[in-house]
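Summary of the model geometry
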Amino acid sequence: MVLRCSLCGSRAFTRVRYSRLTLCRRHYAEFFERRVKNTVERYRLFKNVKRLLVCVSGGKDSVAMLYALKPYAEKSNVELLGLTIDLGIGEYSKCSVEAAVEAFKNNDVEYMLVDLSAEYGFDLDTVAENVEKLRMPKGVCSYCGSVKRYIFNKVALDSECDAVATGHNLDDLLSFTLTSMASGQVDLLIKLQPKNRGVDRLVTRIRPLATLTNRETLLYVMSIGASYVDLECPYTPERSMQKTIVEKLSEIEHKYPGFKLALYKSLLRVLRKAEVKTGPLVHCEKCGMPSSTRICSFCRLKSLMTERIGEKTTETRVTARRV
Ligand code: SF4
Ligand code: ZN
Ligand code: ZN
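So, here is what we can say about the structure in this document. (Residues numbered from 1 in each chain as written. Chains lettered and ligands numbered in written order. Predicted model: local features only at pLDDT ≥ 70, side-chain atom pairs only at ≥ 80, totals over all residues. Heavy atoms only, no water.)

1. Side note on the overall build of the chain
When helices and strands are tallied, the chain shows 11 helices and 11 strands. By the compact-globule yardstick of 20 Å for 323 residues, the chain fits well, its C-alpha radius of gyration being 20 Å. In terms of its C-alpha atoms, the chain occupies a principal-axis envelope of roughly 65 × 45 × 40 Å. Looking at the chain residue by residue over its 323 residues, the buried ones come to 49%. For the chain, the proportion of contacts with a sequence separation of at least 24, taken over those separated by at least 6, is 71%. Each charge class in the chain was averaged separately, 52 positive and 37 negative side chains, and the resulting centres sit 8 Å apart. (Helix = DSSP H or I, 4+ residues; strand = E, 2+ residues; numbered from the N terminus. Rg over C-alpha atoms; globule rule 2.2 N^0.38 Å. Buried < 20%, exposed > 50% of the residue type's maximum accessible area, 1.4 Å probe, protein only. Contact = heavy atoms within 4.5 Å. Lys, Arg positive; Asp, Glu negative; His and termini not counted. Charge placed at Lys NZ, Arg CZ, Asp CG, Glu CD.)

Right, dumping it as structure tokens:
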């Protein structure tokens, strides 16, 4: 028996179990876009935002965010500026940047490309090479995260954006939260929220896909036929606590549709009552950006890596290239 869309009777594309709806491609895409819009409205993600930096890596999540957000941003008079970073991870970065650029062009969004190596004198391949050699205290992904956060913030400041949007989805936020709790890093829990208000020179962060799962996001890019990079980064850890948590949560979600969202909303309520605060910020002595230490983690990494390469970078200031 051919399954039919509950709304129009066309051939079914997927079933949204917690809503008890069977939907065709078009109605699934509309359903997803409505969920993004509801998240933006419910958590007031566009409050005081006139210009928004949309960070797109080329992966399915950030590509989905851009496509789903664009029409609503236009209606809300929020101007979008795109950003993608070439991290210098061989073929993976090349394909990621291509997918991001295609998404910006298809959505008619002006964008910037920051080439990590050209701007700062090192790339992620160099970091990965040295993590073991120098017995650096963290894994490659942790340094990669710090590089991305730094550049997002710097470009947002330089281009006068009021907020930065990233494509973190519900699975990312839940797994990150539970990992932080398990390792006793309770102050990181505030990153669970769909919105973190900016302080000092830290620009406001918004996560429009906060209530949508990995699977829902993947189905959305498939439903609209958007291209995204489907290569896996060579530095993705084979096993990690975060991955295991996502797998286990997905098993529970399968048995009890809606579990992830219910858990997320409850955690947000707990977080609101707990008043978790981050530590005080100072200004990095090298670049002037807000930091919890005298020299920020990005500047420390940059110094270490450029020493290893034996080259001198020209300056710390971001001069993002427009293409
Ligand atoms: Fe960066 Fe790790 Fe993601 Fe690769 S897998 S892009 S190194 S965070
Ligand atoms: Zn339909
Ligand atoms: Zn710094």
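Picking up where we left off.
2. What to know about the site of ligand 1
Lining the immediate environment of ligand 1, one finds Cys141, Cys144, Lys148, Cys233, Tyr235 and Thr236. Grouping the constituent residues of the shell around ligand 1 by class yields four nonpolar, one polar and one charged. (Near = heavy atom within 4 Å. Nonpolar A, V, L, I, M, F, W, Y, C, P; charged D, E, K, R; others polar.)

3. Things to note about the coordination of the zinc ion (ligand 3)
Those protein atoms acting as donors to the zinc ion (ligand 3) are Cys284 (SG), Cys287 (SG), Cys296 (SG) and Cys299 (SG), and they sit at 2.3 to 2.4 Å. Coordination at the zinc ion (ligand 3) is tetrahedral, judged from the four donor atoms that bind it and the angles of 105 to 117° they form at the metal. In primary-sequence terms, the residues that donate to the zinc ion (ligand 3) follow C-x2-C-x8-C-x2-C. In this pair, cysteine 284 is assigned in the loop between strand S9 (282–283) and strand S10 (290–291) and cysteine 299 in helix H11 (residues 297–309), connecting sequence segments 15 residues apart. When sorted by exposure, cysteine 284 lands in the same class as cysteine 299, which is buried. (Donors = N, O, S within 2.8 Å, 3.2 Å for Na, K, Ca; no water. Tetrahedral: all angles 85-135°; square planar, octahedral: opposite > 155°, others 65-115°.)

4. A few points about the layout of surface pockets
Looking at the second largest pocket, its volume works out to about 410 Å³. At the level of elements, strand S1 (14–16), helix H1 (25–42), helix H7 (170–182), helix H8 (214–224), helix H9 (241–255) and helix H10 (259–274) are the ones that each hand at least two residues to the lining of the second largest pocket. Ranked by residues supplied to the lining of the second largest pocket, first place goes to H8 with four residues. When the residues that make up the lining of the second largest pocket are grouped by side-chain class, the tally is seven nonpolar, seven polar and eight charged. (1 Å grid on protein atoms, 1.4 Å probe; cavity = no way out; pocket = protein on both sides within 12 Å on 5 of 7 lines; lining within 4 Å. Points joined across faces, edges and corners; volume = space filled by probe spheres on them.)

5. Quick notes on the coordination of the zinc ion (ligand 2)
The coordination sphere of the zinc ion (ligand 2), as far as protein atoms go, consists of Cys5 (SG), Cys8 (SG), Cys24 (SG) and His27 (ND1), spread over 2.1 to 2.3 Å. Its four donor atoms give the zinc ion (ligand 2) angles of 100 to 114° at the centre, a pattern that matches the tetrahedral case. Read in sequence order, the donor residues for the zinc ion (ligand 2) give the motif C-x2-C-x15-C-x2-H. You can call cysteine 24 buried: its relative accessible area is 7%.

6. As for the pairing of strand S5 (residues 111–115)
Side-chain direction in a regular strand flips from residue to residue, so the side chains alternate between the two faces of the sheet. With five of its five residues buried, S5 lies for the most part within the structure. Pairing of strand S4 (residues 79–86) with S5, which is carried by five bridges, proceeds in the parallel orientation. Within the sheet, the bridge partner assigned to isoleucine 85 lies in S5 and is valine 114. (Pairing = 2+ DSSP bridges.)

7. Things to note about the pattern of salt bridges
Summed over all chains, the structure comprises 13 salt bridges. In this structure, glutamate 30 and arginine 26 form a salt bridge, with 3.3 Å as the shortest nitrogen-oxygen distance. Taken together, the residues glutamate 30 and arginine 26, both in helix H1 and four residues apart, mark about one turn of the helix. Here glutamate 30 falls in the partly exposed class, since its relative accessible area comes to 33%. With a closest N to O distance of 3.4 Å, glutamate 41 and lysine 37 form a salt bridge. Here glutamate 41 pairs with lysine 37, and both are found in helix H1, just four residues apart, close to one helical turn. The partly exposed category is assigned to glutamate 41, whose relative accessible area is 39%. (Salt bridge = Lys/Arg side-chain N within 4 Å of Asp/Glu carboxyl O.)

8. Brief notes about the packing of aromatic side chains
A complete count under the given rule lists eight aromatic pairs for this structure. With 5.7 Å between their ring centres and 20° between their planes, phenylalanine 46 and tyrosine 72 make a pair best called stacked. Of this pair, phenylalanine 46 sits in the loop between H1 and strand S3 (51–55) while tyrosine 72 sits in helix H2 (residues 60–75); the two residues are 26 residues apart in sequence, bridging distant segments of the chain. Both residues of the pair, phenylalanine 46 and tyrosine 72, count as buried. Both rings, one in phenylalanine 104 and one in tyrosine 111, keep their centres 5.2 Å apart while their planes meet at 10°; by these two values the pair is stacked. Neither residue differs from the other here; phenylalanine 104 and tyrosine 111 are each classed as buried. (Phe/Tyr/Trp six-rings, centres within 6.5 Å; stacked < 30°, edge-to-face > 60°.)

9. Things to note about the nonpolar core
Phe32, Phe46 and Leu52 are the most contacted members of the largest nonpolar core, which has 58 residues in total. Here this core takes nine residues from H2, the largest share from any one element. Excluding anything up to four places from it in sequence, phenylalanine 46 contacts Val40, Leu52, Leu69, Tyr72, Ala73, Ser76, Val78 and Ile206. In terms of nonpolar packing, the next biggest core, distinct from the first, is built from 39 residues, Val155, Val164, Phe298 and Leu301 among them. (Core = buried A, V, L, I, M, F, W, Y, C linked by side-chain atoms within 4.5 Å.)

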